[in-house]
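Single-letter residue listing:
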Amino acid sequence: MTEKYPSIKQLLGRLATLLAVSFALLFTAIFALSNHAAKLAEKSEQELLPSIHEHQRAALNLERLERMGDLVAYGGDISLIRKNALSAQVLAFQPSFDFNEATRRSVRKSYLLIKQLRVSRQRLLLMQKTDSENPEIKQLLDLEDKLQMQWHEEKQGMFELQNQIISAATRLQTESLQQISLTQKQILIVGGCGVTALLIVLASIGWQMVKHLIRPISHASHAMLAIESGQEYQLEKTRYEETSLIYHAVDRLSTTVQTLHDLATTDEMTQCYNRRHFVNLASEMLDQAQENDQPLSIVMLDIDHFKKVNDQYGHATGDTTLKYFALWLKENLPDNGHAGRLGGEEFALLLPGLSESEATDLSETIRKSIASQSQDCADIPGITVSMGVKGRVGKQDAIDGLLSKADKALYLAKACGRNQVISYSTLKSDQVVTDDYRRSPVSSVS
Ligand SMILES: Nc1nc2c(ncn2[C@@H]2O[C@H](COP(=O)(O)OP(=O)(O)OP(=O)(O)O)[C@@H](O)[C@H]2O)c(=O)[nH]1
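Residues numbered from 1 in each chain as written. Predicted model: local features only at pLDDT ≥ 70, side-chain atom pairs only at ≥ 80, totals over all residues.

**Q** Explanation requested: the site of the ligand in the structure shown.
**A** Close to the ligand lie 16 residues; D304, F306, K307, G318 and G344 are nearest. Taken together, the elements giving at least two residues each to the shell around the ligand come down to β1 (296–303), α7 (306–313) and α8 (315–331). Tallying contributions element by element places α8 first for the shell around the ligand, with four residues. Here the residues of the shell around the ligand are counted per class, giving three nonpolar, five polar and eight charged. (Near = placed C-beta within 6 Å. Helix = DSSP H or I, 4+ residues; strand = E, 2+ residues; numbered from the N terminus. Nonpolar A, V, L, I, M, F, W, Y, C, P; charged D, E, K, R; others polar.)

This is the structure in structure tokens:
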């Protein structure tokens, strides 16, 4: 009974699902990361970039304030001092410094000093213009010196503050860049892992296809070729319905081909080769032997007085006798020897590698063995056999010639009283064998 296997359709379905899930996971991961990257870019655009610009603006304004303060502290033109002090006021109260309380306070403080400087400087210049001898000038100069000293120190503080703002802006910029580069790295890692995982999935799908589909089909086609050329084949166990059906079909075909081959080449009763196959095989082997210049011999055999077996013991016993005879014949053959039933009770042996004299010796052994085994066998009467041997001599030997010469030697064996082996080479050239031997006395069937 055929085992129940899952079908390849199911396998393909499972593999397709695996592939779809892998793709879905990969795309989800990449989508999530792209989303994250987009959000970071948006955050950078909406929060970090304005903040960076604010810092940069503040640093620039601080520098301008410093310049204005200098003009107020050291200027000689009252209208210019007033103008710069006014600009400094506008600048100091700009919201660009409000991003940080400490900065805001520090800028306001700087402005207050600029204001003081403006007042003192204006008064001094006016006095110097109108009343250069006024003793208050001395006091004002002292005050101015003091304020200028303070301004100098204030400028140091402003310079530090400017540096701090620039560092903060740079930090913000770096942070933004770091976040973007981190996301880029994450995308690369996830993308790389995803693609690698996908490749692994694809490779394993490919492997499954090769293992369960392509290889079994390729094995089946090799098996078909082996069956066609009569060679052995082996099919590995398969786990899927379709391929197991193919394997069963190949097995059935092989059995059918073997049966047909046996029917076409073998004699059903004796299981020896039939005449046609024996002659074809003998012809092929003779060609090989001639090509390699190796010995080969043909032996013709005929059971003596077989008609009498049929007459005395019945046709069924005659058949049994033929079966035993074929069995003993094959038992006595060398591994590379072949036996054929040419018709009725007439058999032939094909002995590659044996010269005529070696084949004659072997035939003698077979003759004695059959005589003795048939005597000991309770199922059949004792029988004897006559044999004629012919070996390959020249390169021009044809199989028909060898068979007819072995047959001639067999006829002589019959004529000479049966139950003997005659080698063709011992025949005299003028020796003529006729069917007259058949009239000689019947004695070998016991
Ligand atoms: N039982 C049986 N007999 C067969 C078969 N084929 C041929 N025979 C018989 O074999 C006999 C052959 O007889 P013959 O050719 O006269 O020769 P023989 O009696 O063996 O005598 P010699 O060959 O001269 O020794 C015939 O009686 C055939 O009927 C077979 O398949 N089965």
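**Q** How should the sheet that holds strand β3 (residues 346–352) be read in this particular structure?
**A** Sheet strands associate in pairs through backbone hydrogen bonding, adopting either a parallel or an antiparallel arrangement. Sheet architecture is open: five strands sit in the order β2-β3-β1-β4-β5, paired in mixed fashion. Of all strands in the sheet, those bounded by a partner on one side alone are β2 (338–343) and β5 (421–423). For this sheet the average axis-to-axis angle between neighbouring strands, irrespective of direction, equals 20 degrees. In the sheet, β1 pairs with β3 via seven bridges, with the strands oriented antiparallel. From the neighbouring strand, D302 faces β3, where its bridge partner is E346. In this fold helix α10 (residues 399–415) packs onto β1, β4 (385–391) and β5, with an angle of close to 145 degrees to the strand it touches most, β4. (Pairing = 2+ DSSP bridges. Axes fitted to C-alpha atoms, helices over the stretch in contact; angles between N-to-C directions. Contact = placed C-beta atoms within 7 Å.)

**Q** Can you help me understand the packing of helix α3 (residues 101–130) against helix α4 (residues 136–228) in this one?
**A** Helix packing geometry: the angle between the two helix axes and the distance between the axes. Remark: α3 packs on α4, axes separated minimally by 9 Å, with the N-to-C direction vectors making an angle of 155 degrees. Classified by the angle between their axes, α3 and α4 sit roughly antiparallel to one another. Viewed along their axes, α3 and α4 form a crossing whose handedness is left-handed. Its residues assigned to classes, the contact of α3 with α4 shows 13 nonpolar, eight polar and five charged. (Parallel < 35°, antiparallel > 145°, perpendicular 65-115°, else oblique. Left-handed = near helix turned anticlockwise from the far one by under 90°.)

**Q** Before we go on, may I ask you to explain the UniProt feature "transmembrane region" (unreviewed entry) in the protein chain in this structure?
**A** Under the UniProt annotation, "transmembrane region" (unreviewed entry) lies at residues 187–207. The span residues 187–207 carries 100% helix and 0% strand; its end-to-end C-alpha distance comes to 29 Å. (UniProt positions renumbered as here; feature names shortened; annotations may be inferred.)

**Q** Whenever I open this one, the pairing of β3 confuses me. Can you help?
**A** When a strand is regular, its side chains alternate between the sheet's two faces. The element β3 is extensively covered by neighbouring structure, given that five of its seven residues are classed as buried. As defined by bridge partners, β2 adjoins β3 across five bridges and the pair is classed as antiparallel. Bridged to G343 within β3 is E346. What sits between β2 and β3 in their antiparallel hairpin is a turn of two residues, with G344 showing a positive phi close to 50 degrees. (Buried ≥ 20, exposed ≤ 12 C-beta atoms within 10 Å, placed from the backbone.)

**Q** For this particular structure, what's the right way to read helix α1 (residues 8–74)?
**A** Helical periodicity: at 3.6 residues per turn, an α-helix aligns residues three or four positions apart in one direction. Between its first and last C-alpha atoms α1 spans 95 Å; for 67 residues at 1.5 Å apiece the expected length is 99 Å, and the two agree. Of all the bends found along α1, the most pronounced is centred on S44 and spans about 40 degrees. Those residues of α1 that fall on the buried side of the exposure criterion are S44, E54, H55, A58, L62, L65, M68, G69, L71, V72 and A73. In this structure, the buried side of α1 is in contact with α2 (78–92), α3 and α4. (Expected span 1.5 Å × (residues − 1). Bend = angle between axes of the 7 residues up to and from the residue.)

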